Amino acid sequence: MTPSHTRIPAESHGISLADLSDNARFVLEKLHEAGYEAYAVGGCVRDLLRGRSPKDFDVVTDARPEEVKRLFKRARIIGRRFKIVHVVFRDEVIEVTTFRGGDAGEVQRADGGMITRDNVFGTIDEDVWRRDFACNALYLDYASGELVDYVEGFSDIRGGRLRVIGEPESRYREDPVRMLRAARFAAKLGFHLTEDSERAIAHCRDTLEAISPARLFDETVKLMQGGAGRQTFLELRRLGLLEYLFDGLSTWIDPLDPASDWPLIEQVLNATDDRVARDLPVNPAFLFAGLFWRMLGRHRIRWMQQRVPSEDAMVLAADEVLGIAARKLMIPRRLAEIIRAIWMLQADLERLVPTGDAGGGKSAEGALSDEQQALMQSPWFRAAVDFLCLRSTTSEVDVSVCEAWRRYAPERSERHEPAVEALKPSDFGKKRRRRPRRRKPAGARRPAND
């Protein structure tokens with residue numbers, strides 16, 4: 001029996017195929033011409049319905065991964081648990097997924113119900129029940145322009161509801177990361193979790209312990225660098241999920257207590273959100289340095305109370321705090337080195353404050369001592385100054401110290417800067433994609449898939 005669904009005509013839902021990127025339309029058209037079903041799906045449809053410009057465009061089809069790969073010159077099959085195809089263009093990657101099958105015997109599960117292998121293909125009628133939230137389960141049919149809705153996702157978007165498809169507790173146990181996604185979507189979209197979707201989180205939180213630290217790190221970067229990091233952090237805390245990402249941090253967070261870790265963390269998250277909003281690069285090392293800075297200070301004090309010299313205490317404390325962070329998140333070594341550098345430079349920046357009226361530039365640098373100039377040669381000097389200035393907003397450092405160094409390290413406002421370019425995309429997880437090109441005038445050439 002085919003599940004009931006609604007087909008909403010284009011004049012009612014308001015999305016035009018012209019709203020998709022050139023590359024997404026090209027992929028959909030080629031699949032359609034080859035005789036396959038082809039739909040835009042997920043977040044791109046949701047965002048278009050909300051009047052937003054999607055960051056990514058995902059496609060779903062009845063073509064198998066090998067069949068999709070044969071249609072495009074530059075396409076690669078990725079994934080272990082479920083194979084998908086990335087069709088690569090100069091400025092965009094279109095992710096093409098084959099319809100997932102139902103809960104067949106081929107789906108491998110761990111004892112707690114978590115899916116460990118999932119290469120089961122099916123139809124659109126089965127695929128919809130494998131998706132996470134109703135607002136992400138709308139299909140835009142390339143052939144007709146209609147919106148296909150099995151789970152009342154259209155009304156959820158209009159009502160600002162975030163609702164798990166199916167029985168929430170079993171869906172969270174299938175993939176515990178869905179709870180983190182729930183917090184991210186609620187914060188990013190401004191939607192409210194339905195009562196049953198939220199209540200089940202309290203019963204399933206511990207299943208996050210089974211997720212690998214590498215995957216949790218990737219998810220944490222998405223959570224904190226998705227443009228709504230501050231609100232996402234607070235939503236994670238509200239749902240009791242924060243401690244599964246940042247061990248020992250949640251007990252020190254109180255938005256109503258200016259003496260807690262929150263004021264500095266809030267400044268760091270706001271700064272990250274601001275850069276994402278301006279489409280500027282963001283550095284995860286800067287974010288993690290801020291999240292764990294106050295914890296670092298507490299560990300340093302404990303070492304100093306044991307009569308360990310201040311500098312050595314800082315090194316020992318950094319080792320301890322990065323070790324604590326690694327219990328939950330597999331922070332890449334390259335990133336950990338940068339976090340440590342930002343931390344270690346703070347004491348030098350406070351000790352070697354420039355004096356006098358320097359206007360910046362080479363002449364100003366000439367007035368600095370050899371030790372100050374050596375400090376400026378650090379590849380993470382600018383990031384360290386930025387962090388110092390955020391600390392000054394919470395009165396941890398006098399604002400005059402920030403102003404003195406700011407003359408030698410103007411605020412980061414360029415797209416390209418050494419502190420970001422020196423990092424490889426693999427250090428951060430998934431590479432941030434450039435904004436896709438919009439529709440060309442009639443008669444323009446189809447984009448080359450090269």
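Above this note sits the structure.
Residues numbered from 1 in each chain as written. Predicted model: local features only at pLDDT ≥ 70, side-chain atom pairs only at ≥ 80, totals over all residues. Heavy atoms only, no water.

Student: Help me understand helix H12 (residues 262–277) in this model?
Tutor: Since the α-helix turns once every 3.6 residues, residues separated by three or four places project in the same direction. The terminal C-alpha atoms of H12, which comprises 16 residues, lie 22 Å apart, in line with the 22 Å expected from a rise of 1.5 Å per residue. In the stretch just after H12, Asp279 is the one whose phi turns positive, near 60°. (Helix = DSSP H or I, 4+ residues; strand = E, 2+ residues; numbered from the N terminus. Expected span 1.5 Å × (residues − 1).)

Student: Would you take a moment to explain the pattern of salt bridges for this structure?
Tutor: Proximity of charged atoms lets side chains of opposite charge pair with each other. Counting across every chain of the model gives 28 salt bridges. Here Arg351 ties to Glu371 by a salt bridge, and the two come within 3.0 Å at their closest N and O atoms. Here Arg351, found in helix H16 (residues 333–351), pairs with Glu371, found in helix H18 (residues 370–376); they are 20 residues apart in sequence, far enough to count as distant. Relative accessible area serves as the criterion here: at 42%, Glu371 is assigned to the partly exposed category. Here Asp386 and Arg406 are joined by a salt bridge, their closest N and O atoms 2.7 Å apart. Pair noted here: Asp386 is in helix H19 (residues 381–392) and Arg406 is in helix H20 (residues 399–406), with a separation of 20 residues, a long-range link. (Salt bridge = Lys/Arg side-chain N within 4 Å of Asp/Glu carboxyl O. Buried < 20%, exposed > 50% of the residue type's maximum accessible area, 1.4 Å probe, protein only.)

Student: Please explain the sheet that holds strand E5 (residues 84–88) as it appears in this structure.
Tutor: For sheets, the rule is that strands pair by backbone hydrogen bonds, running either parallel or antiparallel. Taken in spatial order, the 8 strands of this open sheet run E1-E10-E9-E2-E3-E6-E5-E4, and their pairing is mixed. A single partner strand is all that each edge strand has here, and the edge strands are strand E1 (6–8) and strand E4 (75–78). Across the sheet, the mean angle from the axis of one strand to that of its neighbour is 30°, orientation sign disregarded. Two elements, strand E2 (residues 38–41) and strand E3 (residues 58–61), share 4 bridges in a ladder whose sense is antiparallel. Of the residues in E3, the one forming a bridge with Tyr39 is Val60. (Pairing = 2+ DSSP bridges. Axes fitted to C-alpha atoms, helices over the stretch in contact; angles between N-to-C directions.)

Student: Would you take a moment to explain the state of the cysteines for this structure?
Tutor: Simply put, disulfide is the name for a covalent bond between the sulfur atoms of two cysteines. All chains considered together, the criterion is met by 1 disulfide. Here Cys389 engages in a disulfide with Cys402; their sulfurs sit 2.1 Å apart. Its S-S torsion of about 100° marks the bond between Cys389 and Cys402 as right-handed, since a negative value means left-handed. With Cys389 in helix H19 and Cys402 in helix H20, the pair connects residues that are 13 residues apart, well separated along the chain. (Disulfide = S-S within 2.5 Å.)

Student: What exactly am I supposed to notice about the environment of Tyr139 here?
Tutor: With respect to the helices and strands, the residue Tyr139 is situated in strand E9 (residues 138–141). Given the relative accessible area of 0%, Tyr139 is considered buried. Engagement of the side chain of Tyr139 in a polar contact is seen with the side chain of Asp127, the distance being 2.6 Å. A distance of 3.2 Å separates polar atoms of two side chains, one belonging to Tyr139 and the other to Arg131. (Polar contact = N/O pair within 3.5 Å; in protein donor to acceptor, adjacent residues only side chain to side chain.)

Student: It is not clear to me how the pairing of E4 should be interpreted in this structure. Could you clarify?
Tutor: Put simply, side chains in a regular strand alternate between the two faces of the sheet. The sheet contact formed by E4 and E5 spans 4 bridges and is antiparallel. Its bridge partner being in E5, Ala75 is matched across the sheet by Val87. Linking E4 to E5, which pair antiparallel, is a turn of 5 residues; within it Gly79 sits at a positive phi near 100°.

Student: Could you clarify how one ought to interpret the nonpolar core in this entry?
Tutor: For soluble globular proteins, the rule of thumb is that nonpolar side chains tend to be buried together. In terms of nonpolar packing, the biggest core is built from 118 residues, with Phe233, Phe246, Phe288, Trp343 and Trp405 touching the most fellow members. In terms of residue count, the dominant contributor to this core is H16 (9 residues). Core analysis: the second largest hydrophobic core is formed by 13 residues, Tyr39, Val41, Val128 and Ala134 among them. (Core = buried A, V, L, I, M, F, W, Y, C linked by side-chain atoms within 4.5 Å.)

Student: Is there a simple way to explain the packing of H12 against H19 in this structure?
Tutor: The relative placement of two packed helices is expressed as an angle between their axes plus a distance between the axes. In the contact formed by H12 and H19, the axes pass within 9 Å of each other and the chain directions differ by 130°. As judged from the angle between their axes, H12 and H19 are oblique. In terms of crossing hand, the pair formed by H12 and H19 is right-handed. Contacts between H12 and H19 involve Leu264, Gln267, Val268 and Ala271 on the former and, on the latter, Phe387, Leu390 and Arg391. Looking at the contact of H12 with H19 residue by residue, the class counts come to 5 nonpolar, 1 polar and 1 charged. (Parallel < 35°, antiparallel > 145°, perpendicular 65-115°, else oblique. Left-handed = near helix turned anticlockwise from the far one by under 90°. Contact = heavy atoms within 4.5 Å. Nonpolar A, V, L, I, M, F, W, Y, C, P; charged D, E, K, R; others polar.)

Student: Explanation requested: the side chain of Thr97 in the structure shown.
Tutor: Along the polypeptide, Thr97 turns up in strand E6 (residues 93–98). For Thr97, a relative accessible area of 12% gives the class buried. Beyond its immediate stretch of four places on either side in the chain, Thr97 contacts Val59, Val60, Thr61, Phe82 and Ile84.

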